[in-house]
Amino acid sequence: MKYSLLLIAALASAQDSYLIRNATIHPVTGPEIANGSLLIENGKITGIGAKLVAPKGVKIVEAKGMHAWPGMINCATQIGISEVSSVRETNDTNEIGEFIPQVRAVVAVNPETEHIPVARANGLTAVLTLPAAIATGGGPGASTAGQSIVRGQAAMLRLDGWTWEDLALSQSAGMLVRFPAIQTVTFAFPAGRTEVPYAEAKRRYDGEMRKIDEFFEKCRRYQQAKKAATPNFQADVQLEAMLPVLEGRTPLLIAAQRERGIREAIDFCEKHKVKLVLMDVRKPGAQLARLAEKKIPVIVGQPTDLPMDEDDDYDAAYALPAVLHKAGVKFAFATYDNQFARNLPFEAGYAVAYGLPMDAAWKALTIDAAEIFGVGEMTGSLEKGKSADLLLSDGDPLEVRTQIKMLFIRGKNVSLENRQTRLYQKYLARP
Amino acid sequence: MKWIIIGLMAAVLSAQETTVIQNATVYTATKPAFVGSVAFSGGKITAVGDKLIVPPGAKVVDGTGLHVSPGIIDSHSHIAVQGFGVNEGSVSVSSMVQIRDVLDSEDIAIYRALAGGVTTANILHGSANAIGGNNQLIKMRWGKTVGELIMEGGTSSIKFALGENPKRAGNPTPQSGGVARYPATRMGVEDIYRQAFTEARAYQKSLADFKAGKLMMAPRRDLKLEALVEVLEGKRLVHCHAYRSDEMLMMMRVAEEFGFRLATFQHVQEGYKIAKEMALHGVAGAGFSDWWSYKMEVVDGIPFNMAVMTKKGVLAGINSDDAGLMRRLNTEAAKAMRYGGLTEEQALALVTINPAKQMKVDHLIGSIEPGKSADLVVWNKPPLSSYAVPQKVYIDGNLYFERDRDMSDRARRAAAKKALEDQLKQEAPAEQKKGGPPGRRGPANEESGQ
């Protein structure tokens, strides 16, 4: 342990130091600094202010006309464990088994995935990688029949590193759970719409609710047995993986789009005394006040998705972040997939267009996202002592046309190139 | 008689109110933006300029601080189609079927698209087979009947499809019943075209022979080949779903062999690789801004595609293929500024005048010019901004969407819904419990009602 720490220190000290100057600095947790400077040493922010003197040997980044923001965080992707979503062999999502808390996304992360440099090019510095896909989309969802219930551990990854250990900001940032719901209508390609009689859907729901309750009971007993060190106690990989959840260190990640699902997820987590982060929230309805009151963080459904129901206001999804903000709910953004992970800033842009204040949008993109997943001490804002995870842009990054000019992750000036920029250059030059 | 008609026409014209949107920033899609006015009357744009004389009796809309663009055109959409009716995929050549026959004017996606500034869309057949069905250009006339959705003067077109989708049925799964439909490879896809157009040529010849008196009897009418003869004769445009450069090159060569020109490649993910060949053939590129990684044939999809095609002389356009994305084609266009550095004008053209040209309807729609349909969007911010929200959308000079009106009507709609729900609860509580929630496109889960 000590040895590896030394090694990390050695690697870090070999890094370049930078003084970014004359930029408009947006710390997100503090007021904007016009013509400000930011000092990066040993991977960390060591100075921030109006005028900083450059220590000997630092590289100067002249950033006149540019803006410095903390790197953005996408709170739901499968980056690293899914390359081409329709090609089975390139996917390590969705493990088999009903209760598989021991399954960890982090160990299957491919550090060379093309999704990392593509996301980086748009100013993202971290993503949450889920062990399974959350069925999203307006209207009736994909069938969840046959999917696991406790689905495994999500990892928070910084988007630069040599190995999955190196990439991990948090190896276990949340436990993904598919909470039972009464599903009478599902859509699938190419089968189309499938209807299940209500009684059958309800029976399945009741069965799953009983199972998940029993599972959590069993975990609690395991915890007690372990604590009591009973003579015939036997270690169990599956149940052991639930201890951080029962101890309140790792939250459950539950996708609940609508009022009833949200209510039942909150009730369940209260009953079993575990922490909750709600994912893919779309229509909280009367549960809105409860989310604020109980301080339950929310990862919003994509603002750019269609509204869930035919008779919803046409801008319901665009406007939800503004509604959450007004109600005092802490929330963050996500794209739920890899393909459009890079469009995270534009999701926030639409939320601003439909009423979310700009500063709230930035908090959601950075510090709130980091705090929700327990890495807020390390990253998510421009503050002294934090990891230097930040971007430089030539304008407002929520505007599509704005260019990201530089990106730093752990103080490293990370390349904005990727396979796509290389193909672009290659074929632009084709005679 | 003649005089009566002229008299009537004059009466109609004078009764047609002129509307002038004044003092707005106008993006015509063919010239740089300027602050000025747009006037329209009788469904058509009548004048545009920085200083317009307002005719007496005209309705004036104050555009101060607002932005006006042409209506957005989506050249690839599947909204307003009944159920899963978009693919007649049981055969590899389905040129006899018409999307027109399965249109649904009550699809809420029409209103949502309208609220995103879309005024026209080409509703395409699916991509399950090499030669698909015939497409339909519609305008987003929300509240009108199916017949009234159809765009007047719109061109006829057919869908072709290359690559993974048309060959999928050749690789059946247990779910598909294990029955294989030719073709299973890109090689077979080429063969489908050459077989079909060889047949179509023969049909065309026998029609001509009969006309010339060389045949005693007219050939039996063949609806499948009729559409393909129209393609051969340049009367029906081909919009061809394609991703990879190899398959697109193949398609161009087959078309050249049979003497016709393709109108567009749809999706055209690798258009940037063969922009030279595309420009030479004269085919346009109509695709996504930044889709990639969802299947093998899009692995080389790059967001710089539109910029490269534009720089290399291909008529490029962005479309959605998606009811959600369709509502924000303005910011999709802005991505061509971000990736590859197109100008604001070039970017806006990708979703307005360029798709109009690609579908050969640019004499009717696509820009703010006198004589064209008054299909206009009034935005609160510059149209390519992330923060731009359509405030008013006109089609043929009629106001089809107004954000203020939508917002002020919400309380009434919510009350009306509540009243209906209460009524349902009272009428048939037992029935509802048994059957779940009612409704044609009812919500997925029982939970939605609570």
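Rules of the game
For every chain, the first residue of the written sequence is number 1, and numbering continues from 1 along that sequence. Labels follow written order: the first chain is A, the first ligand is 1, and so on. Only residues with pLDDT of at least 70 are given local features in this predicted model, and only at 80 or more are side-chain atom pairs given and counted; all residues enter the totals for whole chains, interfaces and linings. With hydrogens and water set aside, each side-chain value is computed from the structure's full complement of heavy atoms. Note on pairing: two strands pair once DSSP finds at least 2 bridges between them. Numbering of helices and strands runs from the N terminus, with a helix taken as a DSSP run of H or I at least four residues long and a strand as a DSSP run of E at least two residues long. Simply put, an axis is a line fit to the C-alpha atoms, just over the touching stretch for a helix, and the angle between two N-to-C directions goes from 0 to 180 degrees. The span you would expect from a helix comes to 1.5 Å times its residue count less one. Definition of nonpolar core: a set of buried residues of the types Ala, Val, Leu, Ile, Met, Phe, Trp, Tyr and Cys, connected through side-chain atoms within 4.5 Å. Remark: exposure states derive from per-residue accessible area (1.4 Å probe, protein chains only) relative to the maximum for the residue type, with buried under 20%, exposed over 50%, and partly exposed in between. Domain boundaries shown here were taken from an automatic or database domain assignment. The criterion used for residue contact is that any of the two residues' heavy atoms lie within 4.5 Å. The quantity reported as buried area is the accessible area (1.4 Å probe) lost by two parts once they are put together, taken as the sum for both. Salt bridge, as used here, is a side-chain nitrogen of Lys or Arg placed within 4 Å of a carboxyl oxygen of Asp or Glu. Classification of ring pairs rests on two measures: the distance between centres of Phe, Tyr or Trp rings, Trp counted by its six-membered ring, which must be within 6.5 Å, and the angle between planes, read as stacked under 30 degrees, edge-to-face over 60 and tilted in between.

**Digging into the sheet that holds strand E7 (residues 118-123) of chain B**
All names here are of chain B. A sheet is described by the order of its strands in space; here three strands give the open sequence E6-E7-E9, paired in mixed fashion. The open sheet has two edge strands, strand E6 (72-77) and strand E9 (136-139), and neither has a second partner. The sheet shows a mean angle of 20° between the axes of neighbouring strands, taken without regard to direction. Pairing of E7 with E9 involves four bridges; the strand directions are antiparallel. Residue pairing in the sheet places asparagine 122 in a bridge with leucine 137 of E9.

**What about helix H4 (residues 198-228) of chain A?**
Within an α-helix, residues lying three or four positions from one another point in the same direction, as the helix has 3.6 residues per turn. Taking 1.5 Å per residue, 31 residues should reach 45 Å; H4 of chain A reaches 45 Å between its end C-alpha atoms and fits that length. Phi turns positive one or two residues past the end of H4 of chain A, at alanine 229 of chain A, with a value near 50°.

**Some points on the nonpolar core**
Inside soluble globular proteins, nonpolar side chains tend to come together where they are buried. One finds Met140, Phe197 and Phe265 of chain B to be the most contacted residues of the largest nonpolar core, which totals 172 residues. No other element matches H4 of chain A, which puts nine residues into this core. A domain split of this core shows at least three residues from each of domain 1 (10-71 + 381-431) and domain 2 (72-379) of chain A. If you look at the next biggest cluster of nonpolar residues, it comprises 25 residues, including Ala76, Leu130, Ala132 and Met156 of chain A.

**Comments concerning the domain arrangement of chain A**
Residue and element names in this part refer to chain A. In terms of domain boundaries, chain A breaks down into domain 1 (10-71 + 381-431) and domain 2 (72-379). Relative to domain 2, the C-alpha centre of domain 1 lies at a distance of 30 Å. Taken together, the contact between domain 1 and domain 2 spans 29 residues of the former and 33 residues of the latter. Around 2400 Å² of area is buried between domain 1 and domain 2 when both sides are counted, 62% of it from carbon and sulfur atoms. Among the residues domain 1 hides against domain 2, the three largest losses belong to Leu398, Ile409 and Arg410. Together they make up 26% of the total. Taken together, domain 1 and domain 2 are joined by two salt bridges.

**Comments concerning the packing of aromatic side chains**
Tallied over the full model, the rule gives 26 aromatic pairs over all chains. Here the aromatic rings of phenylalanine 340 of chain A and tryptophan 291 of chain B are separated by 5.8 Å at their centres, their planes lie at 75°, and the arrangement is edge-to-face. Of the two residues, phenylalanine 340 of chain A sits in the loop between strand E15 (331-332) and helix H10 (344-353) while tryptophan 291 of chain B sits in the loop between strand E13 (284-287) and helix H9 (305-311), which places them in two different chains. For phenylalanine 340 of chain A, a relative accessible area of 21% corresponds to the partly exposed category. Residue classification places tryptophan 291 of chain B among the buried positions, given a relative accessible area of 14%. Centre to centre, the rings of phenylalanine 197 of chain B and phenylalanine 260 of chain B are 4.9 Å apart; their planes meet at 35°, and the pair counts as tilted.

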